[in-house]
Structures are given as C-alpha cells and as structure tokens.
Amino acid sequence: MKTLYLTTSEEDLLKGAEIIKNGGLVAFPTETVYGLGGNALDGQSSRKIYAAKGRPSDNPLIVHISDMSEIEGLAAEFPENARKLGEAIWPGPLTIVLPKKPVVPDETTGGLGTVAIRLPANSAAQKLIANSGVPIAAPSANLSGRPSPTLWEHVKHDLDGKADAIIMGEPCMGGIESTVCDFTDPQHPLVLRPGLITPERISEILGIPCEYDPAILSKPEEGLVPRAPGMKYKHYAPNAQMVLYSGSPEDVKKAILEEEEALKKEGKTVGTIIYEDGKQAARNLFSDLRALDEQGIDVILASALDPQDPVNYSVMNRMLKAAGYNIKEV
Ligand code: TXA
Ligand code: MG
C-alpha cells in the first residue's frame, strides 16, 4: 500500500477522518506518543491494526475519544471516581479502564470485558476523532517490540507502506505512553501502566489511596501476571544491547566511562545515555534509543534513574524493559 502523508491542516484532518470512516488506518500525534488509529467500533479495523504492527491480538487497544460524553456509548458503567479523575486530567496523558458495552468489539479489547478509554490533549488528534464521528482505537504507532514513536519520522520508519496515512504532526512532548488506571473496583483505582500521571496525583484528586499493579516493576520471569496484557511483553527494545548503571551519579559516570573504554578496545561502538531529570528522560528516551540504533551502535550504557521519584519510576519501567532488566549496581 502507498502511505499518504498528511499535514495538520483542517482539510487534511478531514481526509484522515474519511480514511478512518472507511475502515482504514491513520497514524496521528498525541501528547504522549504517536498512535496508529482505526475505527474502534469496527472489529475488522482493529484486526488491521494488529496486522500492521505485528502485535499479538490478546493485547487490547486504547479507545480515543474527543469528548467525555462519548464514554456513555462505550462503557457499561462510569463510576463517580473515574468521572472525577477524567474531569481533572483530561484532555491529558491518562487512560481509564471501565467495564465495556457490547458495541465495543472483542478485537478492540483483546477479548476482555473492559475497555480502555483516553481523551488525548493534542488538537490534531481531537479534530481527527471528532471528524471521524467514531472513537478511534490506537496503540502506539511502532512495530511491535520497538520503542514507541515520538516523531512522525519514527512512524514513517516503522509503518510506511503499512498505514493508509500518517499525519506529520508535532513532536510528542510527554514522550512515554499514558498512565493506565483501572476502575473495575471504583473504590480501589489501580495503575496498570505507570506514566506521567502518578498514583500520588490520582490519590490527591480522589481522596482515596491509589496503588500500582505489583506486577509492573517485576521481571516477567518472577511470575506476577500484569493486569494490562501489554505489560507482559518485552517492549521498547533497541537493536543495541543495553546496560543500566545504578548508584551515585559520580560512581555511575565513572563506571560508564570505564566500560566505554573497555568496549571500544574490543572494537565495539558505544552510546551513552545520562539524564538529569525524569521529565527530560521521558521526553527523550524513545527518540534517543532510535537515534542510537540509526547510528548502528553495538552497546548502550545508560544511567538508571532513582525510582523513588514517581516520574522516574515510570521512565525506569521502560528503561528496564529496553535493557532486558540488565542493571548493574556500582
Ligand atoms: O499514550 C498512550 O496511551 C498511547 C497513545 C497512542 O494514546 N497508546 C498506547 O497504546 O500506548 P498501546 O496499545 O501501545 O498500549 C496500551 C496498553 C497496553 O499495555 C494494554 O495491554 C493496556 O493498555 N490496555 C488496553 N486496554 C486494556 C484493558 N481493557 N484492560 C487492561 N489493560 C488494557
Ligand atoms: Mg505500545
């Protein structure tokens, strides 16, 4: 298929919406990462999304809306706490899991009885959804297992010839995917995937405790089954081998420099990643991993972030997966 490249002009966003209405796939920007969108109410469109990404079909898709009133048509229940959180954060990097209505096809929810819903903050995304007249199912617009795309050029790299259209929107400012919060039990919200909206913030807004799903920072082989099916996969992997270093900033810098020297002597090419702050790390991680891959780097040496800080924790969740849980204490 020949992929159409669209701008964020009103005219192009109408063209994109026509493609969605006709059962096609359109990649679009959001404030977190780019998504690969199709009509969420059409099982065939969702099947196309899985095929284009090479994604296992038991991993459910997030349904994107442009107005909170659309939730009524998708969710069997919309508990007060979920509504309150949506009102406080949306449009923004938050996804809420609710019991689904039968109109949402099994292909979209990976056969689950729940549906994940998000109202993104990007205006091109909002217009595309509103113009389509249907909710848009969209996973991150990368090939399965690759780092999520934060620039349209990343989407082109992975999905040219596999999506009907790619919207050449702005770079994603958030940089890591939305926080997924489950409201199956409305009094016990549970964060299934960490993101920029932290459990502390959710707890503050709702006035009740909010926990992480205990499975999310553990290694897959530790046997805890994450409630968000996607969290069990090895994600975000660069082609290069990646090692994380944890310790005081001075010790980490020293260890990375020493290892870099040693690897270079073996004839290997080395890339290093050292972030000063969690938000900067979130914004740049996926893009840096892709850039190092483009350079054909053999080994990436990266400084771990202190997971006590909740934003760092969310980024470390991705870094650990990217490194295959290869972390050295120094
Ligand atoms: O920021 C984001 O959320 C981006 C942009 C495009 O909106 N989307 C995204 O989608 O990251 P994806 O498909 O890459 O990740 C969706 C995550 C997966 O871990 C999936 O298992 C989980 O959400 N999920 C989706 N529906 C769910 C449900 N009904 N119950 C539990 N987890 C669900
Ligand atoms: Mg993804």
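Reading the values: the criteria
Residues numbered from 1 in each chain as written. Chains lettered and ligands numbered in written order. Predicted model: local features only at pLDDT ≥ 70, side-chain atom pairs only at ≥ 80, totals over all residues. Heavy atoms only, no water. Helix = DSSP H or I, 4+ residues; strand = E, 2+ residues; numbered from the N terminus. Areas by Shrake-Rupley, 256 points an atom, 1.4 Å probe, with all protein chains shown as cover. Lys, Arg positive; Asp, Glu negative; His and termini not counted. Charge placed at Lys NZ, Arg CZ, Asp CG, Glu CD. Salt bridge = Lys/Arg side-chain N within 4 Å of Asp/Glu carboxyl O. Buried < 20%, exposed > 50% of the residue type's maximum accessible area, 1.4 Å probe, protein only. Axes fitted to C-alpha atoms, helices over the stretch in contact; angles between N-to-C directions. Parallel < 35°, antiparallel > 145°, perpendicular 65-115°, else oblique. Left-handed = near helix turned anticlockwise from the far one by under 90°. Contact = heavy atoms within 4.5 Å. Nonpolar A, V, L, I, M, F, W, Y, C, P; charged D, E, K, R; others polar. Near = heavy atom within 4 Å. Polar contact = N/O pair within 3.5 Å; in protein donor to acceptor, adjacent residues only side chain to side chain. Core = buried A, V, L, I, M, F, W, Y, C linked by side-chain atoms within 4.5 Å. Expected span 1.5 Å × (residues − 1). Bend = angle between axes of the 7 residues up to and from the residue. 1 Å grid on protein atoms, 1.4 Å probe; cavity = no way out; pocket = protein on both sides within 12 Å on 5 of 7 lines; lining within 4 Å. Points joined across faces, edges and corners; volume = space filled by probe spheres on them.

**Q** Hey, could you run me through the overall build of the chain in this one?
**A** Within the chain, the secondary structure is distributed over 10 helices and 15 strands. Principal-axis analysis of the C-alpha atoms places the extent of the chain at approximately 60 × 50 × 30 Å. Just so you have it, the chain exposes about 13700 Å², and 51% of that area is on carbon and sulfur atoms. If you average the places of the 33 positive and of the 45 negative side-chain charges in the chain, the two averages end up 4 Å apart.

**Q** How do you make sense of the pattern of salt bridges when you look at a structure like this?
**A** When charged atoms on two side chains of opposite charge get close, those side chains can pair. On inspection of all chains with the given rule, the structure shows 12 salt bridges. Among the ionic pairs, Glu18 bridges to Lys21, the shortest N-O distance being 3.3 Å. Of this pair, Glu18 and Lys21 are both found in helix 1 (residues 10-21), three residues apart, which corresponds to roughly one turn of the helix. Judged by relative accessible area, Glu18 falls into the partly exposed class, the value being 39%. Ionic pairing is found between Glu258 and Lys254, a salt bridge with its closest N-O pair at 3.6 Å.

**Q** Please clarify how the packing of helix 1 against helix 5 (residues 123-132) should be interpreted in this entry.
**A** Two packed helices can be described by the angle between their axes and the distance between those axes. Two elements in contact, helix 1 and helix 5, have axes whose closest approach is 8 Å; the angle formed by their N-to-C orientations is 50°. Put simply, helix 1 runs oblique to helix 5. Crossing of helix 1 against helix 5: the hand is right-handed. Residue-level inspection shows Glu10, Leu13, Leu14, Gly16, Ala17, Ile20 and Lys21 of helix 1 in contact with helix 5, the latter providing Ala124, Lys127, Leu128, Asn131 and Ser132. Taken together, the residues of the contact of helix 1 with helix 5 sort by class into six nonpolar, three polar and three charged.

**Q** Just to check I follow, could you spell out the site of ligand 1 for this structure?
**A** Contacts to ligand 1 come from 29 residues, most closely from Thr32, Asn59, His64, Ser178 and Gly230. Thr114 places a side-chain nitrogen or oxygen 3.0 Å from a nitrogen atom of ligand 1. One of the backbone N or O atoms of Pro229 is found 3.3 Å from an oxygen atom in ligand 1. Taken by itself ligand 1 offers 690 Å² of open surface, and the protein chains cover 98% of this. The set of elements that each furnish at least two residues to the shell around ligand 1 consists of strand 4 (62-64), strand 6 (114-118) and strand 10 (190-193). Here the shell around ligand 1 takes four residues from strand 6, the largest share from any one element. Of the residues contributing to the shell around ligand 1, the split by class is 16 nonpolar, eight polar and five charged.

**Q** For this particular structure, what's the right way to read the nonpolar core?
**A** The nonpolar side chains of a soluble globular protein tend to be buried with one another. Counting 41 residues, the largest nonpolar core has Leu36, Leu85, Leu98 and Ile117 as its most contacted members. Mapped onto this core, the elements with two or more residues apiece are helix 2 (43-53), helix 3 (80-89), strand 5 (94-99), strand 6, helix 6 (152-159) and helix 7 (199-206). Residues in contact with Leu85, not counting those within four places in the same chain, are Leu94, Ile96, Cys181, Phe183, Ile202, Ile205 and Leu206. Counting 26 residues, the second-largest nonpolar core is a separate cluster that includes Ile273, Tyr275, Leu289 and Met316.

**Q** Got a minute to help me understand helix 9 (residues 278-294) in this structure?
**A** Residues that lie three or four places apart on an α-helix share one face, since the helix turns once every 3.6 residues. Taking 1.5 Å per residue, 17 residues should reach 24 Å; helix 9 reaches 24 Å between its end C-alpha atoms and fits that length. The principal kink in helix 9, of about 45°, is found at Asn284. Residues of helix 9 that are buried make contact with helix 6, strand 12 (241-246), strand 13 (270-273), strand 14 (299-303) and helix 10 (310-322). Just downstream of helix 9 lies Gly296, where phi reads positive at about 70°.

**Q** Explain the layout of surface pockets to me, please; I cannot follow it from the model alone.
**A** Which parts of space are left empty comes out when a probe the size of a water molecule is rolled across the atoms. Its boundaries defined by the atoms lining it, the largest pocket holds a volume of some 730 Å³. For the largest pocket, the lining is made up of 45 residues, of which Arg55, Asn59, Pro60, Ile62 and Arg193 are closest to its centre. For the lining of the largest pocket, the secondary structure elements donating two or more residues are strand 4, helix 4 (106-109), strand 6, strand 9 (179-182) and strand 10. At four residues, strand 6 tops the list of elements feeding residues into the lining of the largest pocket. Within this model, the second largest pocket holds a volume of roughly 330 Å³.

That's the geometry; what it means functionally is another story.
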